[in-house]
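# Observations on chain architecture
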Amino acid sequence: MFNLLPPDIEHQQFRHLLQVFQNNIQALFNYKSKNPVNRIILFRASSSVFHDNPTLGWENFSIEPVQIINILGDHYTMLAKPYISYLQPAMNEYLEQVD
């Protein structure tokens with residue numbers, strides 16, 4: 001339907017991804033922001049299934065508008081070859097600004 005998982009995913013990989021998802025949901029519900037941050041840069045997967053809100057809710061945690069950088073791939077593949085080759089230079093550009 002949404003093709004959220006690769007068709008050849010193994011059982012152990014699926015269990016790991018499910019655990020990560022559950023941990024992320026738990027962290028989301030437990031998080032209490034003391035102060036909003038000045039700037040958020042969202043490296044957003046271009047194949048995201050969440051099209052309703054381009055900032056994915058991050059605008060609630062920032063004083064300034066969220067800057068969105070679209071990266072090829074989905075939430076998981078953007079961290080693997082070949083898509084990581086697009087994410088790395090984009091992240092380096094912003095990390096050099098704070099260095």
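The structure reproduced in this document is the subject of the present report. (Residues numbered from 1 in each chain as written. Predicted model: local features only at pLDDT ≥ 70, side-chain atom pairs only at ≥ 80, totals over all residues. Heavy atoms only, no water.)

Time to look at a nonpolar patch on the surface. Taken together, L5, F14, L18, F21, I25, L28, F29 and Y76 make up a surface patch of nonpolar side chains, about 750 Å² in accessible area. Note on placement: I25 falls in helix α1 (residues 11–30). Here I25 falls in the partly exposed class, since its relative accessible area comes to 32%. (Patch = residues over 30% accessible without salt bridge, like charges linked within 9 Å, V, L, I, M, F, W, Y side chains within 5 Å. Areas by Shrake-Rupley, 256 points an atom, 1.4 Å probe, with all protein chains shown as cover. Salt bridge = Lys/Arg side-chain N within 4 Å of Asp/Glu carboxyl O. Helix = DSSP H or I, 4+ residues; strand = E, 2+ residues; numbered from the N terminus. Buried < 20%, exposed > 50% of the residue type's maximum accessible area, 1.4 Å probe, protein only.)

Across a regular strand the side chains alternate sides, sitting on one face of the sheet and then on the other. Along strand β1 (residues 41–45), four of the five residues are buried, which leaves the element largely enclosed by surrounding structure. Bridge count between β1 and strand β2 (residues 67–71): five bridges; the pairing is parallel. By the bridge assignment, A45 is partnered in β2 with I71. (Pairing = 2+ DSSP bridges.)

Let's shift gears to the packing of aromatic side chains. Per the counting criterion, the structure on display carries two aromatic pairs. Arranged with centres 6.1 Å apart and planes meeting at 70°, the rings of F43 and Y94 form a pair that is edge-to-face. Residue F43 is located in strand β1, and its partner Y94 is located in helix α2 (residues 84–98); the two are separated by 51 residues in the primary sequence. We note that F43, like Y94, is buried. (Phe/Tyr/Trp six-rings, centres within 6.5 Å; stacked < 30°, edge-to-face > 60°.)

These values are about where atoms sit, not about what they do.
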